[in-house]
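The chain contents come next:
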Amino acid sequence: MEMEQRLRDICRSFRIQGSYVESELIPVGNVNKTYKVTYRREEGTLKSYIVQQVNTFVFRKPEQVMHNIDLVTEHIRAKSTEGIPLHFHHTADRKTYIYADDAFWRLYNYIPSVTYNTCENTEVLQHAGEAFGRFQKNLADFNAEQLYETIPNFHNTPERLRTLFEDAEKDPLGLAGSVREELSYIRSVSSQACEMARMQREGRLPIRVTHNDTKINNVLFDRNTNRALTIIDLDTVMPGLVGFDFGDAIRSTANTSGEDERDIKKVALDMKKYEAFTRGFVGKVGASLTEREKSTLALGAVTMAVECGMRFLTDYLDGDKYFRIRYPEHNLARSRCQLALAKNMLERLDEMQKVVEKYI
């Protein structure tokens, strides 16, 4: 009852109309605590909302997170003609958050839908690509300088590289000797992995609004048609490179195996999945991209695989402090999987880029 009363009070702060019916804890995600709250409106219909308690240990500056989300979602709502844009409700003083009981809360519209953690259906993957491409298209005229960098250096590949080799040199747990092969491979591809960061520093790639977590489970799909309705989990929306969003989606959805496959012989790029996502993504946003952005989309997939491999390996050398693990060498297995995927993609980079050009 205590939580129910708290949720009612929060809904009242966000000016939700009608009478409270019920609430339930939604057991999804590893960061925020999420509830579905249902109200009966005056005309008798039921309407549900998502109420979230934001994890302020992970997001140390939640007001900046919500600043970014508010600007981006309102911009999309004003111009979107497809899907169902997310709407974060405002308090009477136009804030998209409240503090209650020493916790940070927000509320947005609930969208009946289905999600997928993995997917073999290429039609669904194309719709996912369309969703993320539509996100970029709707924000192509948005000034990304208005947004905070809520996670500094999140996709700063050269900084990730520097951190990895510093940690390997310090070797706090005596593990560096067992990963010489991985470190050698990362060093050998470091120039290619850092190429997009160099291009951005030199002004050859524009900064855009990026989602920064473009996994398929962050897309809500229509239960009947499998059309993409909207993109969720906007906590990492920041300024960035469009190739990184495209690349992270490919890295996570177009692998022939899982992210932590131990048998790296099973790891490769699934070209059917790659083409399906690319068809959807490029079909929506291709006309909004510069020629250099188009030419680096495939490279973005390689970059994200190498960067994730570095992040997993850094965490392994540091004692698994960041990523949750299920067994002692889990992060090492993840790293090897990502690096094997990067190696396969580098061998097929021309083929990958031809697919991009096919749908431009």
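Throughout what follows, the structure given in this document is the object of discussion. Not measured: the values here are computed from a predicted model.

Right, let's get into the side chain of Thr157. Note that Thr157 resides in helix 4 (residues 157-170). Within polar-contact distance, the side chain of Thr157 engages the side chain of Glu307 at 2.9 Å. In contact with Thr157, not counting residues within four places along its chain, are Ala193, Cys194, Phe244, Thr303, Glu307 and Met310.

Turning our attention to empty space enclosed by the protein. Here the structure, examined in full by the defined rule, presents one cavity of 30 Å³ or more. There is about 190 Å³ of room inside the largest cavity. Considering the residues around the largest cavity, the lining is formed by 17 residues, among which Ile76, Pro85, Phe135, Thr230 and Ile231 are closest to the centre. Residue assignment for the lining of the largest cavity shows that the elements contributing at least two residues are helix 2 (62-79), helix 3 (122-138) and strand 8 (228-231). In terms of residue class, the lining of the largest cavity is made up of 10 nonpolar, five polar and two charged.

Further remarks concern the nonpolar core. One finds Val72, Phe135, Val209, Ile250, Leu269, Tyr274 and Met345 to be the most contacted residues of the largest nonpolar core, which totals 90 residues. When residues of this core are assigned to their parent elements, the largest contribution, 12 residues, is made by helix 11 (residues 297-318). Here Leu269 is in contact with Ile250, Ala254, Thr256, Tyr274, Leu341, Asn344, Met345, Arg348 and Met352, once residues within four sequence places are set aside. Counting 16 residues, the second largest nonpolar core, distinct from the first, contains Phe14, Tyr49, Ile98 and Trp105.

Look at Arg94: it is not a glycine, yet its phi comes out positive at around 70°. Turning to its location among the elements, Arg94 is positioned in the loop between helix 2 and strand 4 (98-100). Positive phi values are uncommon outside glycine, yet Asn226 reaches one of about 65°. With respect to the helices, strands and loops of the structure, Asn226 is situated in the loop between strand 7 (219-221) and strand 8. The exposure class of Asn226 is buried, given its relative accessible area of 15%.

Let us now look at the packing of aromatic side chains. Taken as a whole, this structure holds 15 aromatic pairs when the rule is applied. Summarising the aromatic geometry, the rings of Phe246 and Phe277 are spaced 6.1 Å apart at their centres and angled 50° between planes, so their arrangement reads as tilted. Of this pair, Phe246 sits in helix 8 (residues 242-253) while Phe277 sits in helix 9 (residues 271-285), and the two are 31 residues apart along the sequence. Like Phe246, the residue Phe277 is buried in the burial classification. Measuring from ring centre to ring centre gives 4.8 Å for Tyr322 and Phe323, while their planes differ by 75°; the resulting arrangement is edge-to-face. Members of the aromatic cluster, joined through ring pairs, are Phe132, Phe246, Tyr274, Phe277 and Phe281. Over the face of the ring belonging to Phe57 we find Arg60, whose NZ or CZ atom lies 4.4 Å from the ring centre.

This paragraph deals with the state of the cysteines. Defined simply, a disulfide is a covalent bond joining two cysteines at their sulfur atoms. Under the defined criterion, the tally for this structure stands at zero disulfides. Of the cysteine sulfurs around Cys119, a residue in no disulfide, the closest is that of Cys337, at 18 Å. Left without a disulfide partner, Cys194 is nearest to the cysteine sulfur of Cys308, which lies 14 Å away. Judged by its relative accessible area of 6%, Cys194 is buried.

Moving on: the pattern of salt bridges. Across all of its chains, the model carries 25 salt bridges by this definition. Between Glu82 and Arg134 there is a salt bridge, with its nearest N and O atoms 3.8 Å apart. In this pair, Glu82 is assigned in the loop between helix 2 and strand 4 and Arg134 in helix 3, connecting sequence segments 52 residues apart. Among the residues examined, Arg134 registers a relative accessible area of 11% and is labelled buried.

For helix 11, with 22 residues, the first-to-last C-alpha span of 32 Å sits near the 32 Å given by 1.5 Å per residue. Of all 22 residues in helix 11, 21 are buried; the element is thus mostly enclosed. Looking at the residues trailing helix 11, positive phi occurs at Gly319, about 100°.

A few words on the packing of helix 4 against helix 5 (residues 180-188). Running from amino to carboxyl end, helix 4 crosses helix 5 at an angle of 150°, the nearest separation of the two axes being 12 Å. Regarding the angle of helix 4 to helix 5, the classification is roughly antiparallel. Seen from above, helix 4 lies across helix 5 with left-handed handedness. Facing Leu161, Leu164, Phe165 and Ala168 of helix 4, the residues of helix 5 in contact are Leu183, Ile186 and Arg187. In terms of residue class, the contact of helix 4 with helix 5 is built from six nonpolar, no polar and one charged.

On to the layout of surface pockets. Counted as a void, the second largest pocket has a volume near 380 Å³. Around the second largest pocket, the lining is made up of 19 residues, and of these Glu149, His155, Asn156, Gln200 and Pro239 lie nearest the centre. Every element with two or more residues in the lining of the second largest pocket is listed here: helix 4, helix 7 (195-201) and strand 9 (238-240). Grouping the constituent residues of the lining of the second largest pocket by class yields nine nonpolar, eight polar and two charged.

Residues Val31, Phe57 and Val58 make up a contiguous nonpolar surface patch of roughly 290 Å² in combined accessible area. Positionally, Phe57 belongs in the loop between strand 3 (46-54) and helix 2. Taking the relative accessible area as the measure of exposure, Phe57 reaches 62% and is therefore exposed.

About the criteria used
- Residues numbered from 1 in each chain as written.
- Predicted model: local features only at pLDDT ≥ 70, side-chain atom pairs only at ≥ 80, totals over all residues.
- Heavy atoms only, no water.
- Helix = DSSP H or I, 4+ residues; strand = E, 2+ residues; numbered from the N terminus.
- Polar contact = N/O pair within 3.5 Å; in protein donor to acceptor, adjacent residues only side chain to side chain.
- Contact = heavy atoms within 4.5 Å.
- 1 Å grid on protein atoms, 1.4 Å probe; cavity = no way out; pocket = protein on both sides within 12 Å on 5 of 7 lines; lining within 4 Å.
- Points joined across faces, edges and corners; volume = space filled by probe spheres on them.
- Nonpolar A, V, L, I, M, F, W, Y, C, P; charged D, E, K, R; others polar.
- Core = buried A, V, L, I, M, F, W, Y, C linked by side-chain atoms within 4.5 Å.
- Buried < 20%, exposed > 50% of the residue type's maximum accessible area, 1.4 Å probe, protein only.
- Phe/Tyr/Trp six-rings, centres within 6.5 Å; stacked < 30°, edge-to-face > 60°.
- Lys NZ or Arg CZ within 6 Å of the ring centre and 35° of its normal.
- Disulfide = S-S within 2.5 Å.
- Salt bridge = Lys/Arg side-chain N within 4 Å of Asp/Glu carboxyl O.
- Expected span 1.5 Å × (residues − 1).
- Axes fitted to C-alpha atoms, helices over the stretch in contact; angles between N-to-C directions.
- Parallel < 35°, antiparallel > 145°, perpendicular 65-115°, else oblique.
- Left-handed = near helix turned anticlockwise from the far one by under 90°.
- Patch = residues over 30% accessible without salt bridge, like charges linked within 9 Å, V, L, I, M, F, W, Y side chains within 5 Å.
- Areas by Shrake-Rupley, 256 points an atom, 1.4 Å probe, with all protein chains shown as cover.

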